Amino acid sequence: MKKDTYLYLCHESQAGRDAFVLHPDTQEEGRVTNCVLNTDHMIVSTPDGSNRCWDFHECKEMVRMNEQWPRR
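Remember, it's a predicted structure, so these values are computed and weren't measured experimentally.

Which residues make up the environment of Gly 49, and what values go with them?
By the element assignment, Gly 49 lies in the loop between β3 (41-45) and β4 (51-55). Considered as a pair, Gly 49 and Gly 30 are 19 residues apart in the sequence and their alpha carbons are 9.6 Å apart.

Below, the structure written as structure tokens:
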């Protein structure tokens, strides 16, 4: 993912809007819940309720919302 996409997703998450990413190595999906800008990482929540910390360089933006996600 490009840096500008990462920053956009971080902004969306901070504004209370859903932002979703995919980690291609594990095929795991996550909703961005926080960003650590000084290390280029995203904290994500997975559909099973787990929290992960992913480097944005290793992720891809998901364009549409997956219906299996619990509503906030």
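Hey, could you go over the pairing of strand β1 (residues 20-23) for me, with residue numbers and the actual values?
Burial along β1 is two-sided: Phe 20 and Leu 22 and Val 21 and His 23, pointing in opposite directions, are all buried. Bridge analysis of β1 against strand β2 (residues 28-36) gives four bridges, and the strand direction is antiparallel. The residue of β2 that forms the bridge with Val 21 is Gly 30. In sequence, β1 turns back onto β2 through a hairpin of four residues, with Gln 27 there showing a positive phi of about 60 degrees. Inspection of the sheet shows β1 paired to strand β5 (residues 60-62) by three bridges, in the antiparallel sense. Bridging from a neighbouring strand, Val 21 pairs with Glu 61 of β5.

How would you summarise the packing of aromatic side chains if you had to cite specific residues and measurements?
Tallied over the full model, the rule gives one aromatic pair. Ring centres 4.4 Å apart and planes at 10 degrees place the aromatic pair Tyr 6 and Phe 56 in the stacked group. Taken together, the residues Tyr 6 in helix α1 (residues 3-14) and Phe 56 in the loop between β4 and β5 connect sequence positions 50 residues apart. The pair Tyr 6 / Phe 56 is uniform in exposure class, with both members buried.

Lay out the pattern of salt bridges with the relevant residues and their values.
For side chains bearing opposite charge, pairing can occur when the charged atoms are close. Applying the stated criterion to the full structure yields three salt bridges. The partner of Glu 12 in a salt bridge is Arg 17, and the shortest N-O contact between them spans 2.9 Å. When its relative accessible area of 13% is taken as the criterion, Glu 12 is described as buried.

Describe the state of the cysteines, with residues and values.
Covalent bonding between the sulfur atoms of two cysteines defines a disulfide. According to the stated counting rule, one finds one disulfide in the structure shown. At a sulfur-sulfur separation of 2.0 Å, the disulfide partner of Cys 10 is Cys 35. Measuring handedness by torsion sign, the sulfur bridge of Cys 10 and Cys 35 sits at about -100 degrees and is left-handed. You can see Cys 10 sitting in helix α1 and its partner Cys 35 sitting in strand β2, a full 25 residues away along the chain. Each member of the pair, Cys 10 as well as Cys 35, carries the same accessibility label: buried. Its sulfur unpaired, Cys 53 is 9.6 Å from the next cysteine sulfur, which belongs to Cys 59. Using a relative accessible area of 47% as the deciding quantity, one classes Cys 53 as partly exposed.

About the criteria used
- Residues numbered from 1 in each chain as written.
- Predicted model: local features only at pLDDT ≥ 70, side-chain atom pairs only at ≥ 80, totals over all residues.
- Heavy atoms only, no water.
- Helix = DSSP H or I, 4+ residues; strand = E, 2+ residues; numbered from the N terminus.
- Buried < 20%, exposed > 50% of the residue type's maximum accessible area, 1.4 Å probe, protein only.
- Pairing = 2+ DSSP bridges.
- Phe/Tyr/Trp six-rings, centres within 6.5 Å; stacked < 30°, edge-to-face > 60°.
- Salt bridge = Lys/Arg side-chain N within 4 Å of Asp/Glu carboxyl O.
- Disulfide = S-S within 2.5 Å.

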